[in-house]
Amino acid sequence: MQRRDFLSLAAAGGGAVFASGLAGCANLGGSAKDFYFVQLSDTHWGYEGPANPDAKVTLKKAVAAVNALPEAPDFIVFTGDLTHTTDDPAERRRRLAGFKEIVADLKVKPVYFMPGEHDASLDNGTAFKEFFGDTRYSFDHKGVHFVAVDNVSDFGARIGEDQLAWLRADLAKLDRNQPIVVLTHRPLFDLEPKWDWATRDGAAALQILMPYANVTVLYGHIHQENHRMTGHIAHHSAKSLIFALPAPGSQDKRTPLPWDASAPYKGLGWREVEAEGAPREIRLTEFPVVRA
Amino acid sequence: MTRTIDRRGLLGQAAALAAGAFIVRAKAGPRTVELVARRFRYEPNEIALEAGEPVLVLIRSLDFVHGMNIPALGKRLDLLPGRVAQLELRPAEPGVIDFLCDNFCGDGHEEMHGRFVVT
């Protein structure tokens, strides 16, 4: 069975394939081999509340689901809010340690971690770095350049001049047609400023990215899928693994959607991201926490 | 415009003070409204304004460098504890103007909202 066939089956069996062909992410050209990776986001380990009475097992079930994939991904990424925030530095570390222990059960390595504001904003990323290393980094995989941008260690959601300079230098070595995937937590564009769904200096990062022809941004923060273009740059937010949030601007406050006991984990999930074909396409396949 | 303070006005001021807002009616200059920001709320979190009326909003933060972002007006402030931030407003027309804390301040940050209600 070809992978494309498997994805079709996955879509029929509970997954949902996001239509590829978005301008800006439909042409990851190149001759490198096809591959796919898994994106998980906003696990909020340590959260306790009515929006997810099953919080202590949701992440573990997602780990089991990823481990059960019939074809292993090349790697896994977590795009922030690994833990739910706390004022207590010792408790923050206990939550980071608890999260790390659970995801250590993922069979596939490597696993790349990014912080969210819940992990990093109250201590400028200090505890996060103790457990997971730097909050900004880049790597290359089969012809795609991945770059992780930290827009949460600053409590004001600034990437900052220093990191922007680093980003500019990191990209400078690339051909302008090199496929680039940006991993970050908050949207780099003003998705819904009245809900703080933005990055204060995100426009500066997008300006740096604009000269590159093939850029896709994968992020979290808003606990739901959202697909948007800024120019030729494609932005795709991921579902959460703790609770869903309302559609951008659909109500006064961004309060979690209530838990539906008749449909546990409704609105939650994780995704596969596939770079396939020549010229390449990015294909997103959404999966629920627990597969039927 | 000169406004006189009568008993009803004093009672209104007393009620506003109890709610955490000072309303000063001076003989000249804009009306002044005082806000307090603390984790995870603004006090008061709803402020009545009149369209066309110039207002000076004075904001004090008690416990964190909260933000005050007013997306509809394209304005934002950092609220440093120990300082009084000032915001001049003159709403053009009736409506609701939302504001929020945009500096992540902890578990409850997402609830830190307020609004100006302009009549």
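Up top is the structure.
> For this particular structure, what's the right way to read the overall build of chain B?
Helix and strand content of chain B: one helix and ten strands. Seen in sequence order, chain B has helices and strands lined up from the N terminus as α-β-β-β-β-β-β-β-β-β-β. Per-residue burial for chain B yields a buried fraction of 27% across its 119 residues. Within chain B, contacts between residues at least 6 apart in sequence are counted, and of these 57% link residues at least 24 apart.

> Before we go on, may I ask you to explain the overall build of chain A in this structure?
When you go through chain A residue by residue, the secondary structure sums to seven helices and twelve strands. Looking at chain A as a whole, 46% of its 292 residues qualify as buried.

> Quick question: what am I supposed to make of the sheet that holds strand β10 (residues 233-237) of chain A here?
Sheet strands associate in pairs through backbone hydrogen bonding, adopting either a parallel or an antiparallel arrangement. Residue and element names in this part refer to chain A. One open sheet accounts for six strands, arranged β5-β6-β7-β8-β10-β9; its pairing is mixed. Since the sheet does not close on itself, it has two edges, and those belong to β5 (137-141) and β9 (226-230), each with one partner. Put simply, the sheet's adjacent strands are angled 20° from each other on average, direction ignored.

> Teacher, can you tell me more about the environment of Ala-213 of chain A here?
Within the element layout of this structure, Ala-213 of chain A appears in the loop between α7 (202-209) and β8 (215-219). Beyond its immediate sequence surroundings of up to four residues, Ala-213 of chain A is in contact with Arg-176, Asn-177 and His-232 of chain A.

> Explanation requested: the pairing of β10 of chain A in the structure shown.
Residues in a regular strand point their side chains to alternate faces of the sheet. All names here are of chain A. Most of β10 sits inside the fold, with five of its five residues counted as buried. Residue alternation in β10 divides its side chains into two sets, Ile-233, His-235 and Ser-237 and Ala-234 and His-236, and both sets are buried. Summarising the sheet, β8 and β10 pair through four bridges and their orientation is parallel. Bridging across to β10, Thr-216 finds its partner in Ala-234. Looking at chain direction, β9 and β10 are connected through five bridges and run antiparallel.

> How should the environment of Thr-85 of chain A be read in this particular structure?
Looking at where Thr-85 of chain A falls in the secondary structure, it is placed in the loop between β3 (76-79) and α3 (89-103). Sequence separation between Thr-85 of chain A and Leu-122 of chain A is 37 residues; the distance between their C-alpha atoms is 8.3 Å. Here Thr-85 of chain A is in contact with His-118 and Leu-122 of chain A together with Gly-106 and Asp-107 of chain B, once residues within four sequence places are set aside.

What counts, and at which threshold
- Residues numbered from 1 in each chain as written.
- Chains lettered and ligands numbered in written order.
- Predicted model: local features only at pLDDT ≥ 70, side-chain atom pairs only at ≥ 80, totals over all residues.
- Helix = DSSP H or I, 4+ residues; strand = E, 2+ residues; numbered from the N terminus.
- Buried ≥ 20, exposed ≤ 12 C-beta atoms within 10 Å, placed from the backbone.
- Contact = placed C-beta atoms within 7 Å.
- Pairing = 2+ DSSP bridges.
- Axes fitted to C-alpha atoms, helices over the stretch in contact; angles between N-to-C directions.

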